[in-house]
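# Chains, contacts and geometry: an overview
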Amino acid sequence: NVVIFFFSSRRRHTRCSGVSWARRCVQETAIDVSHQINHISFGSDDDLKAIKSKFNVGVLNPLDGVKKIKPEHLNTTGVTHQYYLSVVPTTYTDLGGRDYFVYQFTSNSNEMNTAGLPVLVFRFDLSPVTVKFSQRRESISHFLVQICAIIGGIFTVAGIVDSLIHKSVRKLLKKAQEGKLS
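Definitions and cut-offs
- Residues numbered from 1 in each chain as written.
- Predicted model: local features only at pLDDT ≥ 70, side-chain atom pairs only at ≥ 80, totals over all residues.
- Heavy atoms only, no water.
- Helix = DSSP H or I, 4+ residues; strand = E, 2+ residues; numbered from the N terminus.
- Buried < 20%, exposed > 50% of the residue type's maximum accessible area, 1.4 Å probe, protein only.
- Contact = heavy atoms within 4.5 Å.
- Areas by Shrake-Rupley, 256 points an atom, 1.4 Å probe, with all protein chains shown as cover.
- pLDDT = per-residue confidence, 0-100.

## Notes on the overall build of the chain
- Helix and strand counts for the chain stand at 3 helices and 9 strands.
- Its helices and strands in sequence order give the chain the pattern β-β-α-β-β-α-β-β-β-β-β-α, from N to C terminus.
- When burial is assessed residue by residue, the chain has 29% of its 182 residues classed as buried.
- Put simply, of all contacts in the chain between residues at least 6 apart along the chain, 70% involve residues at least 24 apart.
- With the model as given, the accessible surface of the chain reaches about 12700 Å², and the carbon-plus-sulfur share is 57%.

## Quick notes on the confidence of the model for the chain
- On average, residues of the chain score 80 in pLDDT, and 81% of them reach the 70 mark or higher.
- For residues 1–14, every residue scores under 50 in pLDDT, and the model assigns this stretch 35 contacts once sequence neighbours within four places are set aside.

Structural data, given as structure tokens:
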């Protein structure tokens, strides 16, 4: 026996036992699964707070504050909401070597008009791969090498542009001397 719960912010709350009985006891289009997601996260709240303050990478709470309200013009239609969550175990290591273990996730959502029973569905895909973020300090010599590489790249691109302009101007002047420019 399946127990189904329907919650609505603008209509009465209904509880029915069994799908076939639910269809008999409630007018399906009267069910409103409008909702607001205040917070969804995976992992320790202490670790999540530390990560947000120390790191600027990762997707930790993409659904916080999401609000889905059934529009008034769809009063005679049921609306189903589906969320697809891809959850990835993640390790963050700070400069002190302390590890924080959480799960970051991405989400996609769909809304569909339905003639049947409207539902709110969360589907989870748990990844077998772990992502690791580490903070580390680079040495001053590494920083200087990167600056030299950037400056060298700028000079290389400038040389290529200069060479192209020089060759183009030479060809145009040669054609002008031969009288082949029209």
